[in-house]
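# Tertiary structure, described
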Amino acid sequence: MASTLSDRLSRLVKQMRGQARITENNVQDMLREVRMALLEADVALPVVRDFIARVKERALGQEVVGSLSPGQALVGVVHKELAATMGEGVSDLNLAAQPPAVILMAGLQGAGKTTTTAKLARHLIQSRKKKVLTVSADVYRPAAIEQLKTVTKAAGAEWFPSQPSDKPLDIARAALDHARRHYFDVLIVDTAGRLAIDEALMAEIRELHATLKPVETLFVVDAMQGQDAINTAKAFKDALPLTGIVLTKLDGDSRGGAALSVRTVTGAPIKFAGVSEKIDGLEVFDAQRHAGRVLGMGDIVALVEEVQKGVDMAAAQKLADKVKSGDGFDLNDFLSQISQMKKMGGLSGLMDKLPSHLAAKAGQADMDRAEREVRRMEGIINAMTPLERRKPELLKASRKRRIAAGAGVQVQEVNRLLNQFEQMQGMMKKMKGGGLMKMMKRMGG
Ligand code: GDP
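Residues numbered from 1 in each chain as written. Predicted model: local features only at pLDDT ≥ 70, side-chain atom pairs only at ≥ 80, totals over all residues.

Now for the overall build of the protein chain. Within the protein chain one finds 20 helices and 8 strands. Every one of the 445 residues in the protein chain was classed for burial, and the buried ones make up 44%. Contacts in the protein chain between residues at least 24 apart in sequence constitute 77% of all its contacts with a sequence separation of at least 6. (Helix = DSSP H or I, 4+ residues; strand = E, 2+ residues; numbered from the N terminus. Buried ≥ 20, exposed ≤ 12 C-beta atoms within 10 Å, placed from the backbone. Contact = placed C-beta atoms within 7 Å.)

Looking now at the UniProt feature "domain: SRP54-type proteins GTP-binding" (unreviewed entry) in the protein chain. Here the UniProt feature "domain: SRP54-type proteins GTP-binding" (unreviewed entry) sits at residues 269-282. The span residues 269-282 shows a helical share of 0% and a strand share of 43%, and its end C-alpha atoms are spaced 16 Å apart. (UniProt positions renumbered as here; feature names shortened; annotations may be inferred.)

Right, let's get into the site of the ligand. Neighbouring the ligand are 18 residues, the closest being Gly112, Lys113, Thr114, Thr115 and Gly274. In terms of residue count, helix 5 (residues 113-128) provides more of the shell around the ligand than any other element does, 3 residues in total. Considered class by class, the residues forming the shell around the ligand number 2 nonpolar, 12 polar and 4 charged. (Near = placed C-beta within 6 Å. Nonpolar A, V, L, I, M, F, W, Y, C, P; charged D, E, K, R; others polar.)

Another aspect to go through is the sheet that holds strand 7 (residues 270-274). Strand pairing in a sheet relies on backbone hydrogen bonds, with the paired strands running either antiparallel or parallel. Ordered by their spatial adjacency, 8 strands build an open sheet running 3-2-4-1-5-6-7-8, and the pairing between neighbours is mixed. Looking at which strands have only one partner, the edges of the open sheet turn out to be strand 3 (158-160) and strand 8 (282-284). Neighbour to neighbour, the strand axes of the sheet diverge by 25 degrees on average, direction disregarded. Judged from the 3 bridges that link them, strand 6 (residues 244-248) and strand 7 form a sheet pairing that is parallel. What sits directly across from Ile245, in strand 7, is Ile270. Most of the contacts of helix 8 (residues 199-212) go to strand 1 (residues 101-106), to which it runs at about 175 degrees, and overall it touches strand 1, strand 4 (186-190) and strand 5 (216-222). Each of strand 1 and strand 5 is contacted by helix 9 (residues 229-239), which is oriented at about 160 degrees to strand 5, the strand it contacts most. (Pairing = 2+ DSSP bridges. Axes fitted to C-alpha atoms, helices over the stretch in contact; angles between N-to-C directions.)

This part covers helix 10 (residues 257-266). By the criterion of burial, helix 10 is predominantly enclosed, with 9 of the 10 residues buried. Positive backbone phi, approximately 75 degrees, marks Gly267, located one or two places after helix 10.

Note that the residue after Pro99, namely Pro100, is joined by a cis bond; omega there is 0 degrees. Tracing the sequence through the fold places Pro100 in the loop between helix 4 (70-86) and strand 1. The phi torsion at Tyr183 lies on the positive side, around 55 degrees, for a residue other than glycine. Its location among the elements puts Tyr183 in the loop between helix 7 (168-181) and strand 4. You can call Tyr183 exposed: it has 9 C-beta atoms within 10 Å. Although it is not a glycine, Lys249 adopts a positive phi angle of roughly 60 degrees. Position of Lys249 among the secondary structure elements: in the loop between strand 6 and helix 10.

In this section: the pairing of strand 1. Of all 6 residues that make up strand 1, 6 are buried, and the element is covered over most of its length. On strand 1, burial covers both faces: Ala101, Ile103 and Met105 on one face and Val102, Leu104 and Ala106 on the other are all buried. Pairing between strand 1 and strand 4: 4 bridges, direction parallel. Looking across to strand 4, one finds that Val102 is bridged to Leu187.

Our next topic: the confidence of the model for the protein chain. In the predicted model, the protein chain carries a mean pLDDT of 78, and the fraction of residues at 70 or more is 70%. Of the regions scoring below 50 in pLDDT, residues 345-365 engages in 50 contacts with residues more than four places distant in sequence or in other chains. The ipTM for the predicted assembly is 0.99, set against a pTM of 0.66. (pLDDT = per-residue confidence, 0-100.)

If you look at the biggest cluster of nonpolar residues, it comprises 84 residues, and the most contacted ones within it are Ile103, Ala175, Leu187, Val189, Phe219, Val221 and Leu247. Per-element accounting of this core gives the leading share, 6 residues, to strand 1. Apart from the residues within four sequence positions on either side, Leu187 is in contact with Pro100, Val102, Leu133, Val135, Ala175, Leu176 and Ala179. Counting residues in hydrophobic clusters, the runner-up holds 12 residues, among them Phe334, Ile380, Ala407 and Leu417. (Core = buried A, V, L, I, M, F, W, Y, C linked by C-beta atoms within 7 Å.)

Along helix 9, the residues that are buried comprise Ala229, Ile230, Thr232, Ala233 and Phe236. Take helix 9 and look down its axis: the buried residues cluster within an arc of 160 degrees, on one side only. (Arc of directions from axis to C-beta.)

When two helices pack together, their arrangement is given by the angle between the helix axes and the distance between those axes. Remark: helix 5 packs on helix 6 (residues 142-155), axes separated minimally by 9 Å, with the N-to-C direction vectors making an angle of 25 degrees. By the angle class used here, helix 5 and helix 6 are roughly parallel. The two elements helix 5 and helix 6 meet at a crossing, and its hand is right-handed. Residues Thr114, Thr115, Thr117, Ala118, Ala121 and Arg122 of helix 5 form the contact with helix 6, whose participating residues are Ala144, Gln147, Leu148, Val151, Thr152, Ala154 and Ala155. Here the contact of helix 5 with helix 6 is composed, by residue class, of 7 nonpolar, 5 polar and 1 charged. (Parallel < 35°, antiparallel > 145°, perpendicular 65-115°, else oblique. Left-handed = near helix turned anticlockwise from the far one by under 90°.)

Below, the structure is given as structure tokens:
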């Protein structure tokens, strides 16, 4: 999956190089690719629809339509929106409560609540030097209480005993009381697993919440749940005021799309990611990085950067200074302008700025031809002497014939190149230096 979206978009970007301007039609094409990629990443359908609608709105606004490099601009929009949807930056646990700060763990059975309880305990001990107590309110599965005991010991935290015969609310009260009297900073309460959404169990966890008044209510969800994650998330969000999400089993072959679904449905930040079964397999969730991981956006960002790198700002500035200082724009500058375009990896950005028949040729089927043409133009200029490049007005018939022969082209082509050069020269004069810099910058972005 990791490369699917970037592959799809790169392909489209390549196709679109031939299109000088983006239209509502090609935005639709691109959005279809984004949509497919998200669905393949197991993002829930309603979430995909929302996401696409937001991207479309921005894409049809100023950001993409009319942009000189629409493919890259859309990629930028998707990337930004994805990262924003995943959450901004990193959010750690909130422990701003009268100690003990209570953390309530909620989620389906098998989601990884017990494992995560111990991982969090270890995280709080190691990174935040807290004194941590854990307790299990899962009275339905005796093994669950024992499991918590084992993993809590491994985490180096303390475990508060509970019995299958106890009532969950009594366990919670007793553990809270113990934590208070023994000056624990944090109490983490593991709760009964649900195989599916179960009203009785939902009522129970609501009561636990009311009694414990947790500062954090964490919804633990298995990243492998894929499309189903959205329903589970909805049910827990309706039952409890969730303060955060832990996305487990990201080390598996999950496509990670659950992150987008769960985050969208609950509105709660994803705070941690489980990345192994081991006690240290917990990472503070980094939305930017995960956005990259889920949809292979790392590649796309690299793609955008590559294009921006292609524009040599120093060379552009030198050219701009030259024009401004009245030194004139000669064929050497024209040549460096052409090679700049080539470095950008495509010509579409400049096509509608080029006052020539090249712009008319910018249909996508003709892109290869346009590239070849640029190489011919280079060949022609290279066949000139340095003096001729500085003073094109010297180019009379005999010199043109010599140049044409040297470059292996017809004399008409030399004439055409000189026409294009003159047009560009005229444009450069009009734009002055500042205009040129602006134009080069736009080409990069
Ligand atoms: P609970 O029923 O919600 O308490 O789930 P458990 O904590 O018992 O976890 C269920 C299974 O998932 C166990 O086998 C865990 O070892 C495993 N597990 C939990 N978190 C992760 C994780 O981040 N990565 C991997 N690979 N396995 C995990």
